[in-house]
Amino acid sequence: MDWEPEASKELEKIPEHVRKMAKMGIETSVEKKGKNTVTLQDVREAAERFGALMEKDEKTTKIAVVRCDIVSETCPGVACFKAFNKRKVHFSQYDKDAEIVGFFTCGGCPGRRVFRLVDSLMKHGVDVIHLSSCMLMEMGYPKCPHIDEIKQMILKKGVKIVEGTHH
Ligand code: SF4
């Protein structure tokens, strides 16, 4: 694939850590147009598409759900996902662009796994963590006796909490 000098110059404006990937993406889209030379226009179009994607990603609310490890032995989490998919109960405040980026268990009493997983989720831009209803209610299982410590672990990291999922 050939590159016009202006196109190569424009490519240099793309941050170095994503430039190689951007170059491959641009060449693929130019190939699809049946061309074998990248023009300045091609690079600008790609930058616009990329900008729109970044903007969308910035606006998207990223949600994670932590749930009880003991309850997870009998519950696959269907009700949590149903409530999210229909934006019901504790998910009713989200718009259609919100997405679940993590669904994990506490790792068993006293829930220390949460501490490390929140770090990992923060790298993926998590905005809010829901404590699943199974941690908060007495329904076949007692309420989580460690809920306050788990909440503190999350809040100390600066991540917002919503209490509940489908109940
Ligand atoms: S710490 Fe709480 S949520 Fe985790 S397994 Fe124990 S009871 Fe369940």
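As the structure is a computational prediction, the values presented were derived from the model and not from experiment.

## Re the sheet that holds strand S4 (residues 99-105)
Next up, step 1: The strand order S4-S3-S5-S6 describes an open sheet built from four strands, whose pairing is parallel. Unpaired on one side and paired on the other, S4 and strand S6 (160-163) mark the two borders of the sheet. On average, each strand axis in the sheet is inclined to that of its neighbour by 25 degrees, with strand direction left out of account.
Next up, step 2: In the sheet, strand S3 (residues 62-67) pairs with strand S5 (residues 128-131) via four bridges, with the strands oriented parallel.

## Observations regarding the site of the ligand
Next up, step 1: Taken together, Cys68, Asp69, Ile70, Cys106, Gly108, Cys109, Pro110, Gly111, Met135, Cys144 and His146 form the complete shell of residues around the ligand.
Next up, step 2: Among the residues making up the shell around the ligand, the classes are represented as seven nonpolar, three polar and one charged.

## Observations regarding the pairing of S4
Next up, step 1: Both S3 and S4 contribute to a ladder of six bridges, which runs parallel. From the neighbouring strand, Ala64 faces S4, where its bridge partner is Gly102.
Next up, step 2: Regarding the hand of the β-α-β motif, the stretch spanning S3, helix H4 (residues 78-85) and S4 is right-handed.

## Concerning the domain arrangement of the protein chain
Next up, step 1: Parsing the protein chain into structural domains produces domain 1 (2-57) and domain 2 (60-163).
Next up, step 2: Inter-centroid distance (C-alpha atoms) of domain 1 to domain 2 is 39 Å.

## Structural notes on helix H7 (residues 147-156)
Next up, step 1: For H7, the set of buried residues is Ile150, Met153 and Ile154. Along the long axis of H7, the arc covered by the buried residues comes to 90 degrees, so they all point the same way. Facing away from the buried side of H7 by more than 90 degrees, the exposed set consists of Asp148, Gln152 and Lys156.
Next up, step 2: Those residues of H7 that are buried are in contact with helix H5 (113-123), S5 and S6.
Next up, step 3: The first or second residue beyond H7 is Gly158, which carries a positive phi of 85 degrees.

## Considerations on the environment of Leu11
Next up, step 1: Here Leu11 lies in helix H1 (residues 5-11).
Next up, step 2: Exposure remark for Leu11: the 19 C-beta atoms within 10 Å place this residue in the partly exposed category.
Next up, step 3: As a C-alpha pair, Leu11 and Cys134 span 123 residues in sequence and 51 Å in three-dimensional space.
Next up, step 4: With residues up to four places along the chain from it excluded, the contact list for Leu11 reads Arg19, Lys23 and Val43.

Rules behind the numbers
Sequence positions are assigned chain by chain, starting from 1 and proceeding in written order. Reporting of local features is limited, given that this is a predicted model, to residues whose pLDDT is at least 70; pairs of side-chain atoms are given and counted only at 80 or more, and all residues count toward the totals for whole chains, interfaces and linings. Any two strands with at least two DSSP-identified bridges between them are counted as paired. Counting from the N terminus, the helices are DSSP H or I runs at least four residues long and the strands are E runs at least two residues long. Geometry is summarised by axes, namely lines fitted to C-alpha atoms with helices restricted to the contacting stretch, and by angles between N-to-C directions that run from 0 to 180 degrees. Using the backbone to place each C-beta atom, any residue with that atom within 6 Å of a molecule or strand is considered near it. The nonpolar class holds Ala, Val, Leu, Ile, Met, Phe, Trp, Tyr, Cys and Pro. Asp, Glu, Lys and Arg form the charged class, and all remaining residues, Gly among them, are polar. If the strands point away from the viewer and the path from the first strand over the helix to the second runs clockwise, then the crossover is right-handed. Note that the domain bounds were set by an automatic or database domain assignment. Field definition: a residue is buried when 20 or more other C-beta atoms are found within 10 Å of its C-beta, exposed when 12 or fewer are, and partly exposed for counts in between, with C-beta atoms placed from the backbone. The arc in question is formed by the directions pointing from the helix axis toward the C-beta atoms. Whether two residues are in contact is decided by their C-beta atoms, placed from the backbone, lying within 7 Å.

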